[in-house]
Amino acid sequence: MSDLTLKQFQEQVSDLLLRHRSLLDVLSKTQQSSASMNRSVIKAITECGCINLQANKQPYPAELSLEDARAFAQSHVSGQLCENCVDAISVQLGKNLFYMSSMCNLLDLNMDAILEKESQKCTTLGIFNLS
């Protein structure tokens, strides 16, 4: 397994980014890749059937503490992604990361710094980071 860092990936994307130098283009490609990622997950449910979705209201008893709520929260997903669906969804997640990195490059943002800041926020706010 590679020890590729976000910084290295961001630099690689910057070197490869020829067609999508316009921020507007990257914004639209990010939206398109997000939709494709969502569609891949939906296909795993509706076409392949390797996972099932049973969504309903989350069952939180009134006296439940925030710390204990995690045990009651449901993902609404049952089953396991098959190898084909793992591959398809992974490809779309990779494209999404590519365009996210492209946006960071065009706006002169550092993905490592963004990750660190978000991690600090999660550490500081803990369970109260309900965003």
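Residues numbered from 1 in each chain as written. Predicted model: local features only at pLDDT ≥ 70, side-chain atom pairs only at ≥ 80, totals over all residues. Heavy atoms only, no water.

*Asks:* Can you explain the environment of Phe98? Please cite residues and give values.
*Replies:* Inspection of the secondary structure puts Phe98 in helix H4 (residues 83-106). On a C-alpha basis, the gap between Phe98 and Ser33 in space is 9.5 Å, while along the polypeptide they are 65 residues apart. Once residues within four sequence positions are removed from consideration, Phe98 is found in contact with Phe9, Val13 and Leu17. (Helix = DSSP H or I, 4+ residues; strand = E, 2+ residues; numbered from the N terminus. Contact = heavy atoms within 4.5 Å.)

*Asks:* Describe a nonpolar patch on the surface, listing the residues and the values that go with them.
*Replies:* A grouping of Leu23, Leu24, Leu27, Leu107, Leu109 and Ile114 is seen on the molecular surface, where their side chains present a nonpolar patch of about 530 Å² in accessible area. A total of three residues in the nonpolar patch trace back to one element, the largest contributor, which is helix H2 (residues 23-48). For Leu24, the location among the structural elements is in helix H2. Of the residues examined, Leu24 reaches a relative accessible area of 67% and is grouped as exposed. (Patch = residues over 30% accessible without salt bridge, like charges linked within 9 Å, V, L, I, M, F, W, Y side chains within 5 Å. Areas by Shrake-Rupley, 256 points an atom, 1.4 Å probe, with all protein chains shown as cover. Salt bridge = Lys/Arg side-chain N within 4 Å of Asp/Glu carboxyl O. Buried < 20%, exposed > 50% of the residue type's maximum accessible area, 1.4 Å probe, protein only.)

*Asks:* Can you tell me about unusual backbone geometry, naming the residues and giving the values?
*Replies:* Notably, His76 is not glycine yet its phi reads approximately 70°, a positive angle. Here His76 is to be found in the loop between helix H3 (66-72) and strand S2 (77-79). The residue Asp108 is not glycine, and still its phi comes out positive at about 55°. Considering the arrangement of structural elements, one finds Asp108 in the loop between H4 and helix H5 (111-125).

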